[in-house]
Amino acid sequence: MATSSPPAQTTLLIGGSNGTATLCAILGDKSKPVNANHTLRVATRSSRRFLDGGRPRVWRCKEKKHLSDVISADFLPTRILTHVGSPDSVFVYGNDSNEKSNAFSEGNGSNSNDNTHTDLSQLEQAISGISSPDNGGIADIIVLACPVSAHLSLLRRIARAVYNLDARGLLGSSNRPPILIGSLYAAGGFDWMSRIAFFSERPEGFTRWKRPLGLFGLKAFPYLCKSLVVGEVSLHGRYPQLQVAVTPSNSYTRRHAQVLLDRVLQNATTGKSLEFLGLSSTEELGGDGTVGEESLVFQNQLGNGGLGHGGVDTANSARNAMMIAAQTHKQLKEAKEGSSSGAVAASMPPAMMSIAPPSNQLANAVPASPTLDMLLTQSLSDYADPSSALGFLTCTLNSTNQILHPCILVALFGEGGSNNSSNDDGTITWNPKIEGTPLPRFYADGAAKPLAGELITSIAGGEMYFVIDAVERLLSPRGYDPITALHGGEPVGRKLMNFLGNSPHELGERSGLTGMALRREWQSLFGRDGNEEAGMNGNGEEEEGGVGNAAGLIHRESMVAKCMSYALSHNSRLNAVLSPCIVDESSKPNEDGTIRLRPNTTTRFFTDDTQHGLCIYLGLAELLGFDLERDMKDTLYVVRRLQHWMKKEFVLPAGKANGNRKIVSSAKDVAETSAPQAFGIHSIQELRQFFRLDVFGEVHQARAEELLGRSGLVSRL
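Everything numeric in this text was worked out from a predicted model, so none of it was measured.

Thresholds applied
Residues numbered from 1 in each chain as written. Predicted model: local features only at pLDDT ≥ 70, side-chain atom pairs only at ≥ 80, totals over all residues. Heavy atoms only, no water. Helix = DSSP H or I, 4+ residues; strand = E, 2+ residues; numbered from the N terminus. Expected span 1.5 Å × (residues − 1). Buried < 20%, exposed > 50% of the residue type's maximum accessible area, 1.4 Å probe, protein only. Pairing = 2+ DSSP bridges. Axes fitted to C-alpha atoms, helices over the stretch in contact; angles between N-to-C directions. Contact = heavy atoms within 4.5 Å. Right-handed = clockwise from strand over helix to strand, strands pointing away. Salt bridge = Lys/Arg side-chain N within 4 Å of Asp/Glu carboxyl O.

Asks: Talk me through helix H14 (residues 400-413); I want residue IDs and the actual numbers.
Replies: The terminal C-alpha atoms of H14 lie 20 Å apart, and with 14 residues this matches the ideal 20 Å at 1.5 Å per residue to within 8%. Summarising burial for H14: 14 of the 14 residues are buried, a large majority.

Below, the structure is given as structure tokens:
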């Protein structure tokens, strides 16, 4: 029996990272049936890695398959898979001033999809498909596979390109599905960066997009990969969970994202599935279960031959998705209430979902009266957070890299010199002959040091928990836990911390910091007249004492630290990763083979996880009114140590904060971080206002006021 081919999809990868190379090898392997009809493009700043003799380079990926991605212990068996593939086309965007050249200048081929728009930049060509050597048309999904520190600059490039293409009508019509733009790793406030990028590049007079856009971001980078030779990449393992935030927050965008991302992430092959984050997530992830209801109807429909591979194309309007959600809600409600038709309805897909093949379908047919009656219904969670700001905040505040990397760096390179003194440049000694590796292994050697486990436990299991519990209480609707439900990043460690009574809610309560933050916010909103109700005295001070970080708050802290060091240093996915080092060449002639190493502060271990990781926590703690020297002391210690090696000032040095000088707000280089203060945000209220900005620069109020200004009523005034 012949199997149907997957629907057409065009994926654009932006960035020249190891992740891009990995996806080129896996998705570019046209011998695999799952990759049929999948056009893969790459847009990169440099041609060296992805062009070979003027043609797209073939990449070979050796994947180390583990018995389990959840527990990848080094004593468990593994096997090797090989993927070989290449992108269909490569675009080199370079500098903006030199971009406006045809893709063929890079030798991509001669069968151009040229629609005479020769003035388009390389990135505009990659997005629109115009003058592209492939036949993929407009990109369905644009994926940033790059370091967090590159998000803003790349989003600004994308914003310029799509603003121009949309103005010229080259992105398609408004009744087409949204073009998805997102990152495989949405740490560092990815949606914050999107707001800044599309605001800063917005043309004068722009109010709305002709073709809708959607934003997505994965909580954790799905691959642990490394390329040491051009054309070859090693995939040491895959992240066990695929959790994603999506905006706009509605069932249609989520379904559209699922279809596209399932293919990019090879979920049909690996057996994994996407989990959506935010208020609409499952109850296990802190939401109200909206996505669970949606999943039920989609699964039922797939079983009945309806919305299958071509689901997004066949149900190609948001209106159809709204009908689906409305009908599903009604059926589930009837089933729960035990109505006579409920049992049947709950087991069957909505009537409008019984879709005929695309050639026979009337996608925009007016629905029957009962469905039309509920056409505009939507879950309360989607209304409460339409841009899924809390879903993206979950990605920002529960990323494992920003927890692990800085602590291991300090443990590994912090042996020489006094803390932050002039002779402290992080230099250590290493003997490759004795140790058996050319450089220290980052996890196997660095995480094995007791200090690494102690810092990770103190920061990730204490200080960060104080922040996320208080932030969630102030920003989330009552009864939702979209951030704290995923504390710690990893599922195994999360279960251990919960079992020991070390959840964010418990630590926030034991420290008293969540209550303090709530009382402080009450006072900022209602002034001193509300002090009595808020639990403060007449001077606006807390009546009870004992608030703040203190020894003993984390149950079994010493045991947890030892478990952390052991687990990281014996993880088979991580044990091959070498430390980011620079070798002191003058030390090489040493007879016994000992060399001197210092940390390479230009790598993402520093540039991503310090200013776009730990600094966000410190900035939020300052907004919450924490005493950073007391409540965030180990986080401050790590950042101060790393910024000293980087020759930066993301936070004020010890002893420099006084009067109006705050540790984060007054730091010289705070604008290079993703702390809220870098965005001009200095209070929780200002953070709420910031989250109301559209992530793609649309000006909803201006559009409404324009219509109002042209109205007959206003013209009579």
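Having put the structure on the table, let's press on.
Asks: So, unusual backbone geometry: which residues are in play, and what are the values?
Replies: Of note, the amide linkage connecting Thr 247 to Pro 248 takes the cis form, showing an omega dihedral of 5 degrees. For Pro 248, the position within the fold is in the loop between strand E13 (242-247) and helix H5 (251-264). Positioned with a positive phi, Ser 388 is a non-glycine residue whose angle comes to about 55 degrees. Tracing the backbone shows Ser 388 in the loop between helix H12 (380-384) and helix H13 (389-397). Despite not being glycine, Arg 556 shows a phi value in the positive range, around 55 degrees. Its place among the elements puts Arg 556 in the loop between helix H21 (531-534) and helix H22 (557-569).

Asks: Can you tell me about the sheet that holds strand E7 (residues 89-92), naming the residues and giving the values?
Replies: Read across the sheet, eight strands follow the order E7-E2-E1-E8-E9-E10-E13-E14 without closing on themselves; strand pairing throughout is mixed. Two strands close off the open sheet at either side, each with one partner strand: E7 and strand E14 (274-276). Looking at each pair of strands side by side, their axes are set apart by 25 degrees on average, direction ignored. Where strand E10 (residues 213-218) meets E13, four bridges bridge the pair, whose relative direction is antiparallel. Bridge assignment links Gly 217 to a residue of E13, and that residue is Ala 245. Across the sheet, H5 is in contact with strand E1 (9-14), strand E2 (38-44), strand E8 (141-144), strand E9 (179-183), E10, E13 and E14; its angle to E14 comes to roughly 150 degrees.

Asks: Tell me about the sheet that holds strand E12 (residues 232-238), and please be specific about residues and values.
Replies: To summarise the sheet geometry, strands pair through backbone hydrogen bonds and adopt either a parallel or an antiparallel arrangement. One open sheet accounts for four strands, arranged E6-E5-E12-E11; its pairing is mixed. The open sheet terminates on both sides in strands that have one partner only, identified here as strand E6 (78-85) and strand E11 (223-229). Neighbour-to-neighbour, the strand axes of this sheet turn through a mean angle of 20 degrees, independent of strand direction. Two strands pair when backbone bridges link them, and strand E5 (residues 59-66) and E6 are joined in this way by eight bridges, in the antiparallel orientation.

Asks: Lay out the pairing of E10 in plain terms, naming residues and giving numbers.
Replies: Most of E10 sits inside the fold, with six of its six residues counted as buried. The side-chain alternation of E10 yields two buried faces, one formed by Leu 213, Leu 215 and Gly 217 and the other by Gly 214, Phe 216 and Leu 218. Note on the crossover from E9 through helix H4 (residues 190-200) to E10: the handedness is right-handed.

Asks: So what about the environment of Met 497? Which residues, and what values?
Replies: If you trace the backbone, Met 497 turns up in helix H18 (residues 491-499). Residue classification places Met 497 among the buried positions, given a relative accessible area of 7%. Considered as a pair, Met 497 and His 555 are 58 residues apart in the sequence and their alpha carbons are 8.7 Å apart.

Asks: So what's going on with the environment of Val 264? Residues and values would help.
Replies: Structurally, the position occupied by Val 264 is in helix H5. The sequence separation of Val 264 and Leu 40 amounts to 224 residues, and the corresponding C-alpha distance is 9.8 Å. Those residues in contact with Val 264 that lie beyond four places of it in its chain are Gln 9, Thr 11, Leu 23, Leu 27, Ile 141 and Tyr 223.

Asks: So what's going on with the pattern of salt bridges? Residues and values would help.
Replies: One pass over the full model with this rule turns up 19 salt bridges. Residue Asp 52 is joined to Arg 57 by a salt bridge in which the shortest nitrogen-to-oxygen separation is 3.9 Å. Here Arg 57 falls in the buried class, since its relative accessible area comes to 14%. Note that Arg 160 and Glu 201 form a salt bridge whose closest N and O atoms lie 3.2 Å from each other. Here Glu 201 lies in the loop between H4 and E10 and Arg 160 lies in helix H3 (residues 151-167), a separation of 41 residues in the sequence. Taking relative accessible area as the criterion, Arg 160 reaches 29% and is therefore assigned partly exposed. Among the ionic contacts, a cluster of salt bridges with common partners joins Arg 156, Arg 160 and Glu 201.

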